Amino acid sequence: MGWTLKKTIVMVGMMGAGKTAVGRALAEELGVPFLDTDHEIETAASMTIAEIFDRDGEPFFRARETEVIQRLLDGRPCVLSTGGGAYLADRNRSLISQKGVAVWLNADLELLWSRVKHRNTRPLLKTPDPKGTLTAFYEKRVPIYQQADLEVPASPDISVQEMAARVAQAVAQRPDVLERT
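So, how was this worked out
- Residues numbered from 1 in each chain as written.
- Predicted model: local features only at pLDDT ≥ 70, side-chain atom pairs only at ≥ 80, totals over all residues.
- Heavy atoms only, no water.
- Helix = DSSP H or I, 4+ residues; strand = E, 2+ residues; numbered from the N terminus.
- Axes fitted to C-alpha atoms, helices over the stretch in contact; angles between N-to-C directions.
- Parallel < 35°, antiparallel > 145°, perpendicular 65-115°, else oblique.
- Contact = heavy atoms within 4.5 Å.
- Nonpolar A, V, L, I, M, F, W, Y, C, P; charged D, E, K, R; others polar.
- Phe/Tyr/Trp six-rings, centres within 6.5 Å; stacked < 30°, edge-to-face > 60°.
- Lys NZ or Arg CZ within 6 Å of the ring centre and 35° of its normal.

Q: I would appreciate a short explanation of the environment of Phe60 in the present structure.
A: Mapped onto the secondary structure, Phe60 falls in helix α4 (residues 58-73). Along the sequence, Phe60 and Met11 sit 49 residues apart, while their C-alpha atoms lie 22 Å from each other.

Here you go:
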């Protein structure tokens, strides 16, 4: 038995929720391409996200992000991982729900902190109090992520493969998106 993906599955959630790792594993399980908006933006700009933020600022980055999301949603159905802030924009949420399905990887604050605290690749956490910054983002963003089409709770004791299977199971409840063949 295989799968037929009819619409793009868009992974949304906080930095550290596992959108890229779980998205990659899910794409492999479903036999479809995996794409990452941050990677697509970096490739197009020949710069890292951090360099884009430093040189051009967050509003410029967010505009490019929306363009990339729209382009990828118009392409062949795939699993798409977005940056943590992508789903906050009304336009992105609208595009994602019209052309795909948003899956919120819901990880609690302590799990997120344990995953991001030793990384220096998060430009938004380059502050004097990174955990406080993460907490503020979390409190502001969770009510927006709750608008996602589907929610899959994350937990530290669940492997990436297990999370991917849980996402597949959740998305399979939507025959307009994913169908067993």
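Q: Help me out: how do you make sense of the packing of helix α2 (residues 37-45) against α4 in this one?
A: Working note: a packed helix pair is described by the angle between its axes plus the distance between those axes. Packing of α2 against α4 brings their axes to within 10 Å, and their N-to-C directions diverge by 110°. In terms of their interaxial angle, α2 and α4 are classed as roughly perpendicular. The segment α2 lies against α4, with Thr37, Asp38, Glu40 and Ile41 engaging Phe61, Arg64, Glu65, Val68, Ile69, Arg71 and Leu72. Residues that form the contact of α2 with α4 fall into these classes: five nonpolar, one polar and five charged.

Q: Explain the packing of aromatic side chains to me, please; I cannot follow it from the model alone.
A: Aromatic ring pairs are defined here through the distance separating the ring centres and the angle between the ring planes. Inspection of the entire model under this criterion finds two aromatic pairs. Between Arg93 and the ring centre of Tyr87, over which it is positioned, the NZ or CZ distance is 6.0 Å. A cation over an aromatic ring shows up here: Arg141 above the ring of Phe137, its NZ or CZ 4.5 Å from the ring centre.

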